[in-house]
Structure formats: structure tokens, C-alpha cells
Amino acid sequence: MVNRGMIKSRKIGIAVALLWGIICFLFFQFFYPYHLFHREQMQLFLFEPGYLFSYFNKPAWLASLLGDFLTQFFYYIGGGAVTITLTLLVLIATGFWSLKKLFSGLPAFTIILLIASWEALRNTGVVYPLSATVALIGGFAIAGIGLSLKLKQTPRVFVNLLLLLIGYWIFGYGAWVALLLLLTGEFKNHFKIISVVYFAVLILPFLLRPHYLVPLRDAFQYPMNLFWNTPDLHEEEIFAMSIESDRGNWDEVLKTARKYDQNDQNATYYYNLASSHLNQLPENLLDYYQPGEYGLFLKLSYRSSFLSILFSNQAWFWVGDLTMSEHSTVLGQIFSYNQRSSRMVKRMAEINLIAGEEKAADKYLTMLEHTLCYRKWAQNRRPENQSEAFKKWIIRKRLNCSSVDTLRANNDVVASLRNLLDHNPTNKAARDYLLCFQLLSKNIDGFVADYNAYAKPLGTAPCELYTQALLISLARNNAGPKEYLAYKLDKSLVDDFWKYTELYKKRDSKSLGEEFKSSYWFYYHFATIKVGEG
Amino acid sequence: MKKRLMILGVLVLLFLISCKQSPQNAKTVDTFPAIYPDYINVTIPENIAPLNFMLTDSAKNTVVTIEGKEGSLTVSGEQKIQIPIKKWKELLAAGEQTISVTVTCLTNEEWTQYKPFSWTVKPDEIDGFVSYRLIEPGYEVWNKIQLVERSIETFDERVLADNNLTKNSCMNCHIYGNNNPELSFFHMRGPNGGTILNRDGELRKINTRNNKMIANATYGNLHPSGRFGVFSSNIVIPEFHSSQSKRLEVYDSASDLIVIDFDNDKVNTHPFLSDTATFETFPVFSADGKSIYYCSAPYKPLPDSIKSLRYSIHRIDFDPENGTLGTEVDTVWNSETQHGSACHLKTSPDGKHLLFTVANYGTFPIWHREADLQMLNLQTGEIDILKDVNGPNSDTYHSWSSNSRWFVFASKRDNGLYGKPYFSYVDENGKAHKPFVLPQKDPEKYDFMLKSFNIPELSTGQVPFDAMDIEKIYNDTKIEQVH
């Protein structure tokens, strides 16, 4: 009867754990996949002895090694959710196994389910390493082994101490879980003073800190870096845009941006980048939240967020400014977790391939060839393996790279874009970015100068946005009919402009908002430019 | 049963033989093997760590025979050749000699023996330690930085400072006075930062900027006595080239020279070294401590005139008794007649040579591909353009060994992006020889690093502090103020 009851409880426990696992999988797979993909992109796991041995230079080498190894699988569609779910199920199994030695089934199961849920929430953190979860599993495993020892108290205490010392060395902060459980075990077995030797393990972070060179707090909590986190679905949308852009799915980026319509500089950045890739930048520009010019190029400063730094290379890469793109990419690399990002290394390889810097490209390709996920990607980009399509892509990108050398400050976007257009006046992406940049910063004179220099000579009629801006300039300068005609302006837009002007003079803001909300005139008069620091 | 065991034994033997193939009937070719690092026909000191290398062509098996004056050793591997350090030291103990290295490779089931190359061993030892800053080639931005001290005789590394322990503050490079490990400094920025001065093992944290200076003390050098330091104070502006290959230009919108008396925390200067009509930078003391060499250029509106901004090398007297500067300035190297711009001056400890970098223009040559080292003979005025030393990319940030027979410099020759420490021998005739990169235990190490070796500096011993001392001084030591 007892056995049957136990079997039944076990079955219920397994069923609950599996149900928990299914919920966990569904959440990460359908609500949080891009976060996981992003986490993989922020590391570069190399199958190379020197790299693997470097794990010994930090605490928790085994947890870190396993965690980073497993994080690679986040790269594959579904891989992240499966990996996290399985890891957390292992945590439940290991935790239950060790807690069961201290508590009866239901409390042990409840405790570990709560811990796993807490751990699942922490795994929604963008910089939370999977190695912290592995460290926790390791801690429970050490405790389980210690609590299973059938030894007399004194030898048991010393064997357990040894386990704790090894536990800290290989699982870092997981050792504190083991310490807690072993002490609980001692209390349950009539605590004797000799058990205080367990606390000797607390000396280890102090002793090993000069070797690991980490601040004291890190020495105690490595590899864990946060205690609590909740899912950030807003950030997930940003990652969705970022990652789909990296995959070249620009329609998807635009769709996501429009679907969520966030007042967020990074979202606008991707909206504009996708519009430009789809050849619709001026057409789409004012249909979306625009934080001044900072939605076109993310400003880099010491106050910039890591995500802005990480994303910033893409616009520069797209318009063809390899110096600025490389600069942003290196910054992304520098500020990524452990200063190794697969995404940034890929971009560095591409930049140097386009620039014809073969040896530099070779360095990055060699690194990528030593990874699980990017080996093929790198091999296909070796000069001897490049496809015709890839060769054509390189030629197209090279056409936009400037051969006219000038110096410009980090955030001097206008000088950079003008330089690109001086080199290649047919660079439409650079032209639209320049003209839109001038318009978003409300620099009408700058816009007209650049329009006259880089767009007017093409002889085509301006699009609606540019027409609206040109009309402001023409009206301001009391231009004559000849000047109007010279720009081949759409007559209906000219009529709209006078209608707008009448409403504006009447201060009829309601009608202006209703009829002209998406016009440049409305933006020019009413938009307040925010200084974006991302 | 016995028969079966015998068959098994034969099979195991055959398996072992097939695993350990040795060169047989090797085809000889008249070319050197393709190896990295390029250690072909280089001159090395007798106290260098093993010159481990790897074949860059795919080889299934490689056998290397290294024959010295009093012995030889054979090392094998797939592509990597890692020489046992004990046997290497025994081989080099024979003193001055020419070592012959023969590489035989198994590729496409065929053994090929390449033309042997040589390692010329010189008994002039190089200083035993080199320190450098490990930093991403990220232009002006940092996140994690380490100052590292590496033994040249072994592969041991020691971290001298790690900004992970000092709230991510920026750290400039570690500079020795006269290759003396008991005399060195580096600047540490950030709220608790300062110039860390190591004199006889005593660490001090000093704010080397007083209210008359235009900026912090930047590039500098210590007097052989340890009492004085000479620094430039620079307002540094980084700007970007639109041409990707040139990347970054760093120039000074203003720069002056100062001398700091560390015994009295006092700053000395001279009106003509702190005016706005000229830029002054990269000062160093002469070997005897009685002169200061520095770079100087007339003021130009920048960045518009950057390509005509050229620095000459000047010398001025220095009185080591009271720390005062002379009044007459000698031009040692004239940028107008030499058609270049000089920077990063280093005098050899024997006082015979001045090693410096020459670029086409400007004051920050690390992204200038044309930036090369040149050596001025201070006795004859002769300039050596160091043809055998310079590579296709930037070669700069150099430092002499205390016997003046070796120098180390940071070179981007391998890929244009990441600087690595290269060493060159200067013989008794003043001729510099083909350089070699700092050997690593794993010759592939450089391929998987994402950090540059920044400003390598040689020292005769280990410095008397480590990263934990620097953490302590950063957090706990009160800063001294110069006036």
C-alpha cells in the first residue's frame, strides 16, 4: 500500500515537473526566443585548447564551461528553449534528489519547483549566464553526494568539507547551496561543534581572489550576476528586430516595428534601417516615432546603453562607412559579455573582407571556424570558397566605400555621409540617410544644400517628404515660380502646403493634427527633439 | 588463445607504428617551410623562451630537428611544434652559436623536407621581463584592461593591474625608468585614480596635474635617479578617417612639457615649453640624465592641417641636481628635411642611439601603416631606417633592453589590427637584425586573442607589486597633489 502510494506520488511529481517543463519551454520558445538568440551572440565559444584552458582562470570553471557550451545551442531555432528547459529539469531532478535527503517528498518538491521557477525568471535576464544555473545544479549535486555519505561524523564532515572546496572551485556560488544543505543535514542529525569546519570553505574566495582577479563580491557569487529578474517583453521586441535584421529579414523587421510601435530609439533605428533596405526610408520616415536624428544613427557616448552600442554598427555598415562601422563593432565587442561576441566577430570579418584586409579577415574567420555554429559560415567566406553571389555582394559593398579621405569626429554624421556621396553619388542609402538626418534635426538649409548637391542632379522629382521640406525652404526664401519649377514638385503637395500654412496661421492645431500629422511640416513645427542616449 | 593474443599483439604494434610515422624517403625542396610565427633566420638571445611555431600549411605530421653547437633535439607534432623548455635551455646553454632547424612534413601521404633555416644565438642576454597593456584595438574606448608582466625566459605571466579590480577605470601603459623594476609608473584614471609611482617598491598615488597645466600628465619618462619625471600634458582629440585602412587619427589641440620633482611633489616648466605657438610631446631623459629629448611641431589649425603637422626631435639640457631645464634647444632631427613626423623617443641605455617612430604626419602613428622605426646614432648623427626591422604596418612603441643590444616594439605587421611584441637585435656595429615575435607556449595563441599588446617595455626583473596591491592603492591610498 505504501509502495503504491509512493509510486503514485512519484508519478504525480514527474507529471507536475513535466508540465512545468512544458510551460517553461512554451514561454521561452514563443514569448522569449530572441533573448536567447541574443545571449548566444554575446559569446564566442571556441573549440580550441587555449580558450578552453582559460576557464581555469576564473572561479566556477566547470559551471562556466558547461554553461557557455550549452549556450551555443541557443543559436538554433528552438534550441534555446529546449536547452534552458532541459537544464532546469536537471536542476529540478538534482535538487529534488538532494532535498529529499533532508525533507519529505512534498516539501522537497515544492522547494525545488520554486527554486527552478526563480531560476527560470533569472534566465530571462539578457546577461544572465546559463553557467549560473549549472552552478546551482552543481551545488545541489555536491550536497546530494555529501548527504548520501554513510560515514561517522568526523570523517563525514571532512569529506564534505573537501566536497565543498572542490564545489567552489568547479561550481563557484553553487558551493553556498551545498554548504546550506550540508549544514541543514548536520542540524537534522544533532548538530555537533565539529560541523563548523564547513565554514572553512568561506575562506576560499579570499584565498583564490588574487588568482582569479575578481572583486570580492564576484568571488562569492561567480558566475551568477543577478538575483532577480522578470521577463522584459519590450526588450524582446527590440531583439526580434535586431536579430531579424541580422538575418536579413527586413520585411519582418518592419512588420515587428509597426506591430509594436514603441517609443524607443532602438526600435526607430531598426524601423528606419529596414525602411532603407526596402528602399522606403523617406516614404516611411514620419509614419513612426522619431526621436530627432538619433533614430537614424545611434549616438555613441559614455552614456550610451550597451544595446545602442551593439546595434550601432549596422547603419554605418549599410551606408558603406566601414571605419565607423568597424569602430562601432569593436565597441560592441569590448562591451559584450567577456568581450567576445560571435555577432561582432562576424561583422569584423565582413568589414575586413570588403576592405580587402585579407589578413585581418583571416583572423576572424579562423576564430569562427573553431566554433560550432559559425564554422560553415566562415568557411563559405574564405576567398577560395566564396559563392558568386557573395563575391557580387562584396563588389556592391565596395562601390560605396569611400576613397576620399577626410577626418571627422565620432558623431559627425553629416560629414561622414557627404564623404560617402562625394565618392559615390549613386549611393541611395547614404543619400536618403543624409537628407533624412538633416530633416529630423530640422536643418532645412543643410537639407536643401545636400539635396541640391546630391539629389537634384539626378533630375528626378522629389518624394513627398523631400517636397514638403523643399516647400518650407522655398517659402522662407520667397522663391519665384522658376525656382519652384526647377524642383519638379508635385502640384497637389504645393496646394497642401498652402492649406497647411493657412491652418497654421489660424492656430487650428486640431485640423493640423487630423490632416497633416504625418507631414514634415507638422514635424517641423511641433516635434520636440530629445537628446537620445539610448 | 595464444595465437589470438599474438595476432592482437601484432595488430597493436602495427597500429602504434602507423600512429607514429617518421620521415622516410622525404622529398627535399629548396624553399623554407611556411611557419607562423616567422622565425626563419632570426637572431635570438640565449635566454629566450622556446621558439614554438606552427606550420601554416596543412600537415598531418611534422618533425623538426634542431641542431646546435653541442647537441640537437627532435620535436614532432601535427602542425604545432612545442619545444620542451628544459631541452631548449640545455641547447642554448652552449652560448653563441648558429642553430640549424630542419622541418619535415607529411602532407598528402608524402614527406617533404624543407630548406633548413637558422637561429643565430647571441650571448648578449635580453632583459628577463616585458610588460605590456592588453587592450582591444578599440581606438579610444576601453572596458577591460590588464597590465601584464611576462617572463621572456619562460612563458609565465603575471597581472600587474586589472581594471576589473579598480572599477573599470582606464589604465595607461606601464613605463620603467632605466629598465629598473624598482622604478616605474603608470597613470590610472577614474575617480580614485592617479599616477602610480613605484620607487624602490614603495607605491605612491599622485595627482600629476596642477591648476596651471592644460591637461593630465600623459606621455612620460623617469629620470635614472628616480627623483624626476618628464611628461607631456596633452589635450588629445581622436577623429576618424573616412578611409577604412587609416582608421583613426589622434592629435593634440595643445601640448606642453613639464618636469615633476617626486621628492617635493613640485612641477617645473619653462615658458617656451608651455606656450601655444608649438606642440611639445613624447619627452625622454638621455641615458646620463643630463638632457631631455622631445618632439615638437609648430602650431597648426587642426584637423584641417593635419597632413602638414610634422614633429621634429629636439634636445634640451637638464640639471639633475635641481631639476631645471636649459635655455638652448638643439634640433636633433628636423621634420622638414626628413619629410616625416617623429614620435615615441627612446634613448638607448648606453647613450649611443635614439630609437623613434617616423610617420608621414601627425603624432599618433599606431594606425599609420607607413609608421616605421628609425635609429639615430647620437654620436655620428647617422640615421638608420631599419630596413630589416620594419614591416608593412605600423611599427612603434619600442623599448630598449638594459644592455642596449635588444629592443622590443609593438608591430601590427601580422594583420594590421592587433599589435604584438617583436624583438630585434642590435649588433656591435649598430646594425639591427630581423625581428621575431614574443614566443608563446601555444604558437596559435595570437590567433585566438582579441587584444593588442600595447607598449611593451623591458625590465631586468619583476616589479615589486601585483594587481591586488593596485586594487588596494586605488581604494585605500590617499592621493598626493603636485603643486
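Please read these numbers as outputs of a predicted model, since none were measured by experiment.

**Let's talk about the overall build of chain A**
(1) Moving on: When helices and strands are tallied, chain A shows 30 helices and 1 strand.
(2) Moving on: Dimensions along the principal axes, computed over C-alpha positions, put chain A at roughly 105 × 55 × 40 Å.
(3) Moving on: Evaluated residue by residue, chain A yields a buried proportion of 56% over its 534 residues.
(4) Moving on: A separation of at least 24 residues holds for 69% of the contacts in chain A among residues at least 6 apart in sequence.
(5) Moving on: With an accessible surface of roughly 23,400 Å², chain A has 62% of that area assigned to carbon and sulfur atoms.
(6) Moving on: Looking at chain A, you have 54 positive and 44 negative side-chain charges, and the mean spots of the two groups are 11 Å apart.

**So, the domain arrangement of chain A**
All names here are of chain A.
(1) Moving on: When cut into domains, chain A gives domain 1 (2-221) and domain 2 (233-400).
(2) Moving on: Three residues stand out in domain 1 for area buried against domain 2, namely Tyr34, Met42 and Leu44, and they jointly supply 31% of the buried area on that side.
(3) Moving on: Between domain 1 and domain 2 we count 0 salt bridges in total.
(4) Moving on: For the pair domain 1 and domain 2, the number of links is 12 residue pairs in polar contact (both at pLDDT 80 or more).
(5) Moving on: Per-class residue counts for the side of domain 1 that touches domain 2 are 18 nonpolar, 5 polar and 2 charged.

**Re the sheet that holds strand E13 (residues 157-162) of chain B**
Residue and element names in this part refer to chain B.
(1) Moving on: Ordered in space as E13-E12-E11-E34, the 4 strands form an open sheet in which the pairing is antiparallel. Only two strands of the sheet have a single neighbouring strand rather than two, namely E13 and strand E34 (452-459). Each neighbouring strand pair of the sheet contributes to a mean axis angle of 25°, computed without reference to strand direction.
(2) Moving on: Pairing analysis gives 6 bridges linking strand E11 (residues 129-135) to strand E12 (residues 146-151), with the strands arranged antiparallel.

**With respect to the packing of aromatic side chains**
All names here are of chain A.
(1) Moving on: If you walk through the whole model with that rule in mind, you get 65 aromatic pairs over all chains.
(2) Moving on: When the ring of Phe47 is compared with that of Phe69, the centres are 6.3 Å apart and the planes differ by 85°; the resulting orientation is edge-to-face. In this pair, Phe47 is assigned in the loop between helix H2 (33-41) and helix H3 (49-53) and Phe69 in helix H4 (residues 61-71), connecting sequence segments 22 residues apart.
(3) Moving on: Looking at Phe47, the relative accessible area reads 34%, which means it is partly exposed.
(4) Moving on: By relative accessible area, which is 30% here, Phe69 ends up partly exposed.
(5) Moving on: Aromatic side chains Tyr451 and Tyr466 sit 6.1 Å apart centroid to centroid with 70° between the ring planes, which places their arrangement in the edge-to-face category. You can see Tyr451 sitting in helix H25 (residues 444-455) and its partner Tyr466 sitting in helix H26 (residues 464-476), a full 15 residues away along the chain.

**Remarks on the interface of chain B and chain A**
(1) Moving on: Chain B puts 44 residues into the contact, and the matching count from chain A is 42 residues.
(2) Moving on: Taken together, the two surfaces of chain B and chain A that pack against each other cover about 3,600 Å², and 57% of this comes from carbon and sulfur.
(3) Moving on: Broken down residue by residue, the surface that chain B buries against chain A is led by Phe240, Ser242 and Phe448 of chain B, which jointly contribute 22%.
(4) Moving on: A salt bridge links Arg247 of chain B to Glu326 of chain A; its shortest N-O distance comes to 2.4 Å.
(5) Moving on: Class assignment for the residues of the side of chain B that touches chain A results in 17 nonpolar, 10 polar and 17 charged.

**Regarding the pattern of salt bridges**
(1) Moving on: A full pass over the atoms with the stated rule returns 42 salt bridges over all chains.
(2) Moving on: A salt bridge links Glu471 of chain B to Arg209 of chain A; its shortest N-O distance comes to 2.8 Å. Of this pair, Glu471 of chain B sits in helix H4 (residues 467-476) while Arg209 of chain A sits in helix H10 (residues 204-212), which puts the two residues in different chains.
(3) Moving on: Given the relative accessible area of 12%, Glu471 of chain B is considered buried.
(4) Moving on: Between Arg413 of chain B and Asp395 of chain B there is a salt bridge whose closest N-O contact spans 2.9 Å.

**Focus on the environment of Asn164 of chain B**
(1) Moving on: Inspection of the secondary structure assignment puts Asn164 of chain B in the loop between E13 and strand E14 (175-177).
(2) Moving on: As a C-alpha pair, Asn164 of chain B and Lys144 of chain B span 20 residues in sequence and 6.5 Å in three-dimensional space.
(3) Moving on: Non-local contacts of Asn164 of chain B, meaning those with residues more than four positions away in its chain, are made with Leu213, Val214 and Pro215 of chain A together with Lys144 of chain B.
(4) Moving on: At a separation of 3.2 Å, a polar atom in the side chain of Asn164 of chain B contacts the main-chain carbonyl oxygen of Leu213 of chain A.

**Structural notes on the sheet that holds strand E23 (residues 291-298) of chain B**
Residue and element names in this part refer to chain B.
(1) Moving on: The 4 strands are arranged E22-E23-E24-E25 in an open sheet whose pairing can be described as antiparallel. One side of each edge strand has no neighbouring strand; the edge strands of this open sheet are strand E22 (278-285) and strand E25 (324-333). Recorded for the sheet is a direction-independent mean angle of 30° between the axes of neighbouring strands.

**Description of a positive patch on the surface**
(1) Moving on: A cluster of basic side chains, namely Arg10, Lys100, Lys101 and Lys150 of chain A, defines a positive patch on the protein surface.
(2) Moving on: Tracing the backbone through its elements, the reader meets Lys100 of chain A in the loop between helix H5 (79-99) and helix H6 (105-122).

**Observations concerning the packing of helix H8 (residues 153-171) of chain A against H10 of chain A**
Angle between the axes and distance between the axes: these two values describe a pair of packed helices.
All names here are of chain A.
(1) Moving on: Where H8 meets H10, the closest approach of the two axes is 12 Å, and the angle between their N-to-C directions is 35°. As for the relative orientation of H8 and H10, their crossing is right-handed in sense. Residue-level contacts link Leu165, Tyr168 and Trp169 of H8 to Leu204, Pro205, Leu208 and Tyr212 of H10.
(2) Moving on: Looking at the contact of H8 with H10 residue by residue, the classes come out as 7 nonpolar, no polar and no charged.

**Observations concerning a nonpolar patch on the surface**
All names here are of chain A.
(1) Moving on: Nonpolar side chains collect at one region of the surface, where Ile22, Leu26, Phe30, Phe31 and Leu233 lie side by side and expose about 520 Å² of accessible area between them.
(2) Moving on: Per-element tally for the nonpolar patch: the top contributor is helix H1 (residues 2-31), with 4 residues.
(3) Moving on: By the secondary structure assignment, Leu233 is in helix H12 (residues 233-246).
(4) Moving on: Assessed through its relative accessible area of 43%, Leu233 is described here as partly exposed.

Reading the values: the criteria
Residues numbered from 1 in each chain as written. Chains lettered and ligands numbered in written order. Predicted model: local features only at pLDDT ≥ 70, side-chain atom pairs only at ≥ 80, totals over all residues. Heavy atoms only, no water. Helix = DSSP H or I, 4+ residues; strand = E, 2+ residues; numbered from the N terminus. Buried < 20%, exposed > 50% of the residue type's maximum accessible area, 1.4 Å probe, protein only. Contact = heavy atoms within 4.5 Å. Areas by Shrake-Rupley, 256 points an atom, 1.4 Å probe, with all protein chains shown as cover. Lys, Arg positive; Asp, Glu negative; His and termini not counted. Charge placed at Lys NZ, Arg CZ, Asp CG, Glu CD. Domains from an automatic or database assignment. Buried area = accessible area lost by both parts, 1.4 Å probe. Salt bridge = Lys/Arg side-chain N within 4 Å of Asp/Glu carboxyl O. Polar contact = N/O pair within 3.5 Å; in protein donor to acceptor, adjacent residues only side chain to side chain. Nonpolar A, V, L, I, M, F, W, Y, C, P; charged D, E, K, R; others polar. Pairing = 2+ DSSP bridges. Axes fitted to C-alpha atoms, helices over the stretch in contact; angles between N-to-C directions. Phe/Tyr/Trp six-rings, centres within 6.5 Å; stacked < 30°, edge-to-face > 60°. Patch = residues over 30% accessible without salt bridge, like charges linked within 9 Å, V, L, I, M, F, W, Y side chains within 5 Å. Left-handed = near helix turned anticlockwise from the far one by under 90°.

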